[in-house]
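Survey of secondary and tertiary structure
The lines below spell out each chain.
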Amino acid sequence: MTFAKILGRVAIAGALWSLACSGCSAPPSDGRYAQTSLPDAVTFSPVATLLVVRCGSLECHGTVARNLRLYGSAGLRWSPTDRPLVPACDTSAEVAQDYESVLGLEPEALSAVVASHASSPDALTMVRKARGVEAHKGGQIWTAGDESDTCLVSWLAGAANANACASGLAAVLPGGSSNPLVRCVSQP
Amino acid sequence: MSPTTFTAAHVAELVALAALASVAACDPVRADAINALGPEAPGVRRGPLHRPGQPCLYCHDGALGDPQRFTIAGTVFETPSATFAAAGVVVSLVDAKGSAIDLRTNAAGNFYTTPGQYDPTFPIQATIQAGSQVVRMQTLIEGNGTVEPNGACATCHFDPAGPSSPGHVSMALDDGGTPP
């Protein structure tokens, strides 16, 4: 074996060792981030219902394995005694859990988007994935500017547009506006 | 490449690639899920009447050596609390592009469709009908599962019913009412 080959192997071993070490390192203790701007919790309920219906079915984000974990009537229930669609509307505990799920995805980016009143909502991965401009296993869910997108972006901008949320739900659910889940939003 | 240059090293490379391909094709998650289903029920042969209520597409996925691929498949039972088959139920499916199909459950309550019959674009809306009784699924079938492909109703509709499952698909509630 030549000296050059030995040198090459040492370099590879060193690179692998560095990679292994960096993978085990913990973030610095002062690296915590406190969110400076939180989206509105009061008007989040219709947004939560929309997210659960469009994203949180039992085979998608309505499973505990997903990092955006969603609870609600149309999918995974929070209470062990509840069943999908029984009770028909999302519970306050589920809405609270969904709020925490969304907050925890990208805290820094979310704070920036909320502080700017959603001037650039596509800074958020969840917005880009739903719009289909970033790779998403579930594909494109809605289009920028349609009712569902407006529901989410309006919430990020300050207060959710409940009518847009209801329209977004009615556009996709069987029975349209007569669907029980739409009635949960339009007649809370 | 001419035959005269085909050396033992090339053969070894091909063997290694074949071994890699076979390992890649082996999905332990799917294998565990299939093993958990257990054996065939006594007296029931493999065919249209077997394994009612189980997630058909675990096996009917079109993989090499597996049975025929289904795009959508499931079972309809009479009520939530019992597993009596609901035969002759019409299962109506409409996909995201408006493509529709009506299927009919067999004596085991099973229904299924192949890619040649119906290759839908998810999400799908589903309705089941027996006589004048109509049950409309209130949510959409998105087709994304931990074990894919996922046009199998039983992937979500499994027993017992709980926070993560509505229970098996049924035509009526135990009191005769219509499921939500």
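Residues numbered from 1 in each chain as written. Chains lettered and ligands numbered in written order. Predicted model: local features only at pLDDT ≥ 70, side-chain atom pairs only at ≥ 80, totals over all residues. Heavy atoms only, no water.

1. Observations concerning the interface of chain B and chain A
To keep it simple, the criterion reads: Contacts: residue pairs with any heavy atoms within 4.5 Å of one another. When two components associate, each loses some accessible surface as probed by a 1.4 Å sphere; the sum of these losses over both components is called the buried area. Take a side-chain nitrogen of Lys or Arg and a carboxyl oxygen of Asp or Glu: if they are within 4 Å of each other, that pair is a salt bridge. N or O atoms within 3.5 Å of each other form a polar contact, as long as, within protein, one can give a hydrogen and the other can take it, and as long as residues adjacent in sequence are counted only when both atoms are side-chain atoms. We call Asp, Glu, Lys and Arg charged. Ala, Val, Leu, Ile, Met, Phe, Trp, Tyr, Cys and Pro are nonpolar, and the rest, Gly among them, are polar.
With 21 residues of chain B at the interface, the matching set in chain A holds 27 residues. Of the roughly 1900 Å² buried at the junction of chain B and chain A (both faces included), carbon and sulfur atoms supply 59%. Taken as a group, Q138, N144 and P163 of chain B account for 32% of the area that chain B buries against chain A, more than any other trio of residues on that side. There are zero salt bridges connecting chain B and chain A. Applying the counting criterion to the chain B and chain A interface returns six residue pairs in polar contact (both at pLDDT 80 or more). Across the side of chain B that touches chain A, the residue classes tally to eight nonpolar, ten polar and three charged.

2. Observations concerning the state of the cysteines
Residues and elements named next belong to chain A. Let me state the cut-off plainly: We call a pair of cysteine sulfur atoms a disulfide when they lie within 2.5 Å. Numbering of helices and strands runs from the N terminus, with a helix taken as a DSSP run of H or I at least four residues long and a strand as a DSSP run of E at least two residues long. Burial classes: relative accessible area under 20% of the type maximum marks a residue as buried, over 50% as exposed, and values in between as partly exposed (1.4 Å probe, protein chains only).
Counting across every chain of the model gives two disulfides over all chains. In this model C89 forms its disulfide with C184; the gap between the sulfur atoms is 1.9 Å. Its S-S torsion of about -90 degrees marks the bond between C89 and C184 as left-handed, since a negative value means left-handed. Pair noted here: C89 is in the loop between α2 (45-55) and α3 (92-105) and C184 is in helix α8 (residues 180-186), with a separation of 95 residues, a long-range link. Judged by its relative accessible area of 12%, C184 is buried. The disulfide partner of C151 is C165, and the S-S distance across this bridge is 2.0 Å. With the S-S bond torsion at 85 degrees, the cross-link from C151 to C165 turns out right-handed. Remark: C165 occurs in helix α7 (residues 162-172) and C151 occurs in helix α6 (residues 147-157); sequence separation between them is 14 residues. Each of the two residues, C151 as well as C165, counts as buried.

3. What to know about the packing of aromatic side chains
Residues and elements named next belong to chain A. Keep this limit in mind: Only centres within 6.5 Å qualify two rings of Phe, Tyr or Trp (six-membered ring in Trp) as a pair; their planes then separate them into stacked at under 30 degrees, edge-to-face at over 60, and tilted for everything else.
What the rule picks out here adds up to five aromatic pairs over all chains. Taking 5.5 Å as the distance between ring centres and 70 degrees as the angle between the ring planes, the aromatic pair formed by F44 and Y99 counts as edge-to-face. Of this pair, F44 sits in the loop between α1 (3-24) and α2 while Y99 sits in helix α3, and the two are 55 residues apart along the sequence. Considered together, F44 and Y99 belong to a single accessibility category, that of buried residues. Ring geometry for Y99 versus W155: centroids 6.2 Å apart, planes at 70 degrees, classification edge-to-face. With Y99 in helix α3 and W155 in helix α6, this residue pair connects regions lying 56 residues apart in the sequence. Neither Y99 nor W155 differs from the other in exposure class; each is buried.

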